[in-house]
Amino acid sequence: MTQKSTGNNPEAHATKPPKLPSKAYEDELERLQSELVTMQQWVKQTGNRVVIVFEGRDAAGKGSAIKRITQYLNPRTVRVAALPAPTERQRTQWYFQRYVEHLPAAGEIVIFDRSWYNRAGVERVMGFCTEVEYQRFLQQCPVFEQMLLDDGIILRKYWFSVSDVEQEKRFRSRLGDPMRRWKLSPMDLESITRWEDYSRAKDQMFAHTDLPSSPWHVVESEDKKRSRLNVIKHLLDSIPYLHIDPPEVTIPVRPKAKGYERPPRDLQRYVPDHAASLVDDDKGSKRSKDDKSSKDAKKGRHSKASKGKN
């Protein structure tokens with residue numbers, strides 16, 4: 001049974017592009033990730049500060065894109081800020097205050113997995129803020145971001161766009177996968193019944209905050225692999241980094257032993273060798289059978305999820 005999109009929002013009528021060949025995806029992802037390492041080295045050595053905001057529909061692929069961006073970067077200078085709901089004390093603070101403390105220092109990159117734009121999205125739609133607080137946010141947000149820019153911070157804002165059909169498909173996939181079920185929150189389910197409310201909130205947010213100095217960049221995310229490559233490429237193209245050769249490292253010659261003797265092994269507590277249980281020398285490897293069973297089980301879960309969708 002074919003599902004039909006609803007509403008007038010362009011996101012609801014997105015057409016899924018042709019599947020990207022795995023090798024083309026993996027090769028380009030590796031190339032882009034290598035460039036990200038170079039870009040991070042430039043940020044570190046020049047003392048620049050970079051803030052990247054990831055927003056968008058639930059299940060639009062923000063988390064998987066962030067994972068690929070940070071996969072090979074140095075976690076000491078790249079941080080992901082995914083803030084929980086504010087505490088009672090934080091609710092009495094200036095709204096932007098708790099985000100300010102997560103801003104980068106010199107040589108750092110901070111990725112906000114959802115950000116201060118919560119006020120214009122979920123808080124607005126779910127009634128978690130008052131009308132006065134919402135209108136104040138729309139007035140202050142451009143000023144706040146201009147202050148970041150004036151202080152020399154490089155700011156990039158990405159909105160991940162996904163259709164209602166694809167979003168529901170991903171929700172059902174999560175529901176049928178014990179490894180990802182935790183990603184399906186009550187707020188996610190609420191977003192299905194409030195699709196148009198979120199569309200209106202997003203349009204209003206863009207009207208006030210999509211400015212020449214700090215524009216929004218929309219990432220089409222019907223296909224996650226394409227969206228990952230596209231957002232990384234755009235990010236790299238938008239930051240004027242230079243290729244900086246890393247300092248040369250010389251591994252020293254290990255000095256000769258001077259008579260050290262290791263204590264007997266039985267005096268220490270070792271972690272049991274679980275890996276050895278995966279191989280049976282007499283009957284051959286058990287791993288291939290276990291892998292096949294695992295794949296069959298996963299295939300069964302996805303099959304059930306697909307039936308539920310229809």
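Residues numbered from 1 in each chain as written. Predicted model: local features only at pLDDT ≥ 70, side-chain atom pairs only at ≥ 80, totals over all residues. Heavy atoms only, no water.

1. A closer look at the overall build of the protein chain
Selection rule: Here a helix means four or more residues in a row that DSSP labels H or I, a strand means two or more in a row labelled E, and each is numbered from the N terminus. Contacts are residue-level and defined by heavy atoms, with any inter-residue pair within 4.5 Å sufficient.
A tally of regular secondary structure across the protein chain gives 11 helices and seven strands. Residue pairs at least 24 apart in sequence account for 79% of intrachain contacts in the protein chain once pairs closer than 6 positions are excluded.

2. With respect to the packing of aromatic side chains
Heads up, the rule is: Each pair of aromatic rings taken from Phe, Tyr and Trp, with Trp reduced to its six-membered ring, is defined by centres within 6.5 Å and is described as stacked if the planes are under 30 degrees apart, edge-to-face if over 60, and tilted in the remaining cases. A simple rule labels every residue: compare its accessible area, found with a 1.4 Å probe on the protein chains alone, to the largest value its type can have, and call it buried under 20%, exposed over 50%, or partly exposed in between. A ring has a charge above it when a Lys NZ or an Arg CZ is no more than 6 Å from the ring centre and no more than 35 degrees off the ring normal.
Within this structure, the stated rule accounts for 19 aromatic pairs. Centre to centre, the rings of W94 and F144 are 6.1 Å apart; their planes meet at 80°, and the pair counts as edge-to-face. Of this pair, W94 sits in the loop between α3 (88-91) and α4 (97-100) while F144 sits in helix α6 (residues 131-150), and the two are 50 residues apart along the sequence. Assessed through its relative accessible area of 4%, F144 is described here as buried. One aromatic cluster in this structure is built from W94, Y95, F96, Y99, F112, W116, Y117, F137, F144, W159, F206 and W216. Lying over the aromatic face of Y270, R265 brings its terminal NZ or CZ to 4.4 Å of the ring centre.

3. Considering the packing of helix α1 (residues 22-46) against helix α10 (residues 224-238)
Here is the rule we go by: Here, axes are lines fitted to C-alpha atoms. For helices the fit covers the stretch in contact, and angles between N-to-C directions go from 0 to 180 degrees. Should an angle fall under 35 degrees it is called roughly parallel, over 145 degrees roughly antiparallel, and 65 to 115 degrees roughly perpendicular, with every other angle called oblique. Crossings are sorted by hand: turned counterclockwise from the far helix by less than a right angle, the near helix makes the crossing left-handed, and turned clockwise it makes it right-handed. Side-chain classes follow a simple rule in which Ala, Val, Leu, Ile, Met, Phe, Trp, Tyr, Cys and Pro form the nonpolar group, Asp, Glu, Lys and Arg form the charged group, and the remainder, Gly included, forms the polar group.
Packing of α1 against α10 brings their axes to within 10 Å, and their N-to-C directions diverge by 30°. For the element pair α1 / α10, the angle class is roughly parallel. Of the two possible hands of crossing, α1 and α10 adopt the one that is left-handed. Seen from α1, the contacting residues are S22, Y25, E28, L29, R31, L32, E35, L36 and M39; seen from α10, they are K225, R228, L229, I232, K233, L235 and L236. Of the residues assigned to the contact of α1 with α10, the class counts are nine nonpolar, one polar and six charged.

4. Overview of helix α2 (residues 62-70)
Listing the buried residues of α2 in full gives K62, S64, A65, I66 and I69. The inward-facing, buried residues of α2 contact α1, β1 (49-56), β2 (78-81), β3 (108-113), β4 (154-161) and α10.

5. What to know about the sheet that holds β3
Strand pairing within a sheet occurs via backbone hydrogen bonds; the two strands may be parallel or antiparallel. Heads up, the condition is: Pairing between two strands is assigned when DSSP locates at least 2 bridges connecting them.
With respect to topology, five strands assemble into an open sheet ordered β2-β3-β1-β4-β5, the strand pairing being parallel. The sheet terminates laterally at β2 and β5 (216-220), the two strands that pair on one side only. Taking each pair of neighbouring strands and ignoring which way they run, the sheet shows an average axis angle of 20°. Pairing geometry for β2 and β3, over four bridges, is parallel. Following the sheet pairing, R79 is matched in β3 by V110. Running at roughly 120° to β3, α1 makes contact with β1, β2, β3 and β4 of the sheet.

6. A short note on the pattern of salt bridges
For clarity, the cut-off: In what follows, salt bridge is the name for a side-chain nitrogen of Lys or Arg lying within 4 Å of a carboxyl oxygen of Asp or Glu.
Summed over the entire model, instances satisfying the criterion amount to 18 salt bridges. With its nearest N and O atoms 3.0 Å apart, the salt bridge here joins R170 to E166. Linking R170 with E166, this pair stays in helix α7 (residues 164-175), spanning four residues, or about one helical turn. The partner of R172 in a salt bridge is E168, and the shortest N-O contact between them spans 2.9 Å. Here R172 and its partner E168 are both found in helix α7, four residues apart, which amounts to about one turn of the helix.

7. Focus: the packing of α2 against α10
At a minimum axis distance of 9 Å, the contact between α2 and α10 shows a crossing angle of 50°. Between α2 and α10, the angle falls in the class oblique. Handedness of the α2/α10 crossing: right-handed. Of the residues in α10, those in contact with S64, A65, R68 and I69 of α2 are K224, R228, V231 and I232.

8. Describing the environment of W216
Heads up, the rule is: Polar contacts here mean pairs of N or O atoms no more than 3.5 Å apart (in protein, one a potential hydrogen donor and the other a potential acceptor; neighbouring residues in sequence count only if both atoms are side-chain atoms).
With respect to the element layout, W216 can be found in strand β5. Aside from chain neighbours lying at most four places away, what touches W216 is V53, E55, Y117, K157, Y158, W159, M205, F206, T209 and D210. At 3.0 Å, the side chain of W216 and the side chain of T209 are in polar contact.

9. A short note on the confidence of the model for the protein chain
How we decide: Think of pLDDT as the predictor's per-residue confidence, scored from 0 to 100.
This prediction gives the protein chain a mean pLDDT of 88; 86% of its residues lie at or above 70. Within the model, pLDDT remains below 50 along residues 1-8, and this stretch shows 13 contacts once partners closer than five positions in the same chain are excluded. Here residues 304-310 scores under 50 on pLDDT; set against residues more than four positions off or in separate chains, the count is seven contacts.

10. Quick word on the environment of V110
Within the secondary structure, V110 is located in strand β3. In this structure the C-alpha to C-alpha distance between V110 and A81, which are 29 residues apart in sequence, comes to 6.9 Å. When near neighbours in sequence (up to four residues on either side) are disregarded, V110 contacts V50, V51, I52, R79, A81, H102, L103 and P104.

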